[in-house]
Amino acid sequence: MPRGIPKTGKRNPGGGRSKKYGADTVQKWIPVPIAGKLDDLYAFLIELDIEIGTWEATCEAKKTSPRYEQARKLTASIRERIDGLGIDIKGIYASSEEE
């Protein structure tokens with residue numbers, strides 16, 4: 001048996017070639033009806049984020065008005081769900097502006 005190869009036939013942790021790309025990628029199966037509309041979904045997320053930002057600014061400007069209390073709750077709920085997706089919408093802005 002050549003020297004340098006462990007008897008088990010496996011490399012030590014950290015051995016081998018370093019990663020070529022910085023971020024880990026994961027392959028996911030997307031249903032066919034959704035796969036063709038991913039660009040539209042990203043555009044919708046961008047528009048929704050802008051709209052929520054506008055409403056957040058309006059609610060912040062009218063803090064004393066009780067009429068905007070439900071809008072504050074709604075924007076907070078939607079913002080929480082968008083953030084829960086784990087998608088960097090600011091990164092989508094940058095990539096869509098480059099095209």
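Novice: Explain a nonpolar patch on the surface to me, please; I cannot follow it from the model alone.
Specialist: A cluster of nonpolar side chains, namely Ile30, Ile34, Leu38, Leu41, Tyr42, Leu85 and Ile87, defines an oily patch on the protein surface of about 570 Å² accessible area. The leading source of residues in the nonpolar patch is helix α2 (residues 38–61), at three residues. Here Leu85 lies in the loop between α3 (69–84) and α4 (89–98).

Novice: Sorry, what's going on with the pattern of salt bridges here?
Specialist: Pairing is possible between side chains that carry opposite charge, provided their charged atoms lie close to one another. For the structure on display, the rule yields four salt bridges. We note a salt bridge from Arg79 to Asp49, for which the minimum N-O separation is 2.3 Å. Taken together, the residues span a long stretch of sequence, with Arg79 in helix α3 and Asp49 in helix α2 at a distance of 30 residues. A residue is classified by how much of its surface remains accessible, and Arg79, at 18% relative accessible area, is buried. Taking relative accessible area as the criterion, Asp49 reaches 5% and is therefore assigned buried.

Reading guide: rules and limits
Residues numbered from 1 in each chain as written. Predicted model: local features only at pLDDT ≥ 70, side-chain atom pairs only at ≥ 80, totals over all residues. Heavy atoms only, no water. Patch = residues over 30% accessible without salt bridge, like charges linked within 9 Å, V, L, I, M, F, W, Y side chains within 5 Å. Areas by Shrake-Rupley, 256 points an atom, 1.4 Å probe, with all protein chains shown as cover. Salt bridge = Lys/Arg side-chain N within 4 Å of Asp/Glu carboxyl O. Helix = DSSP H or I, 4+ residues; strand = E, 2+ residues; numbered from the N terminus. Buried < 20%, exposed > 50% of the residue type's maximum accessible area, 1.4 Å probe, protein only.

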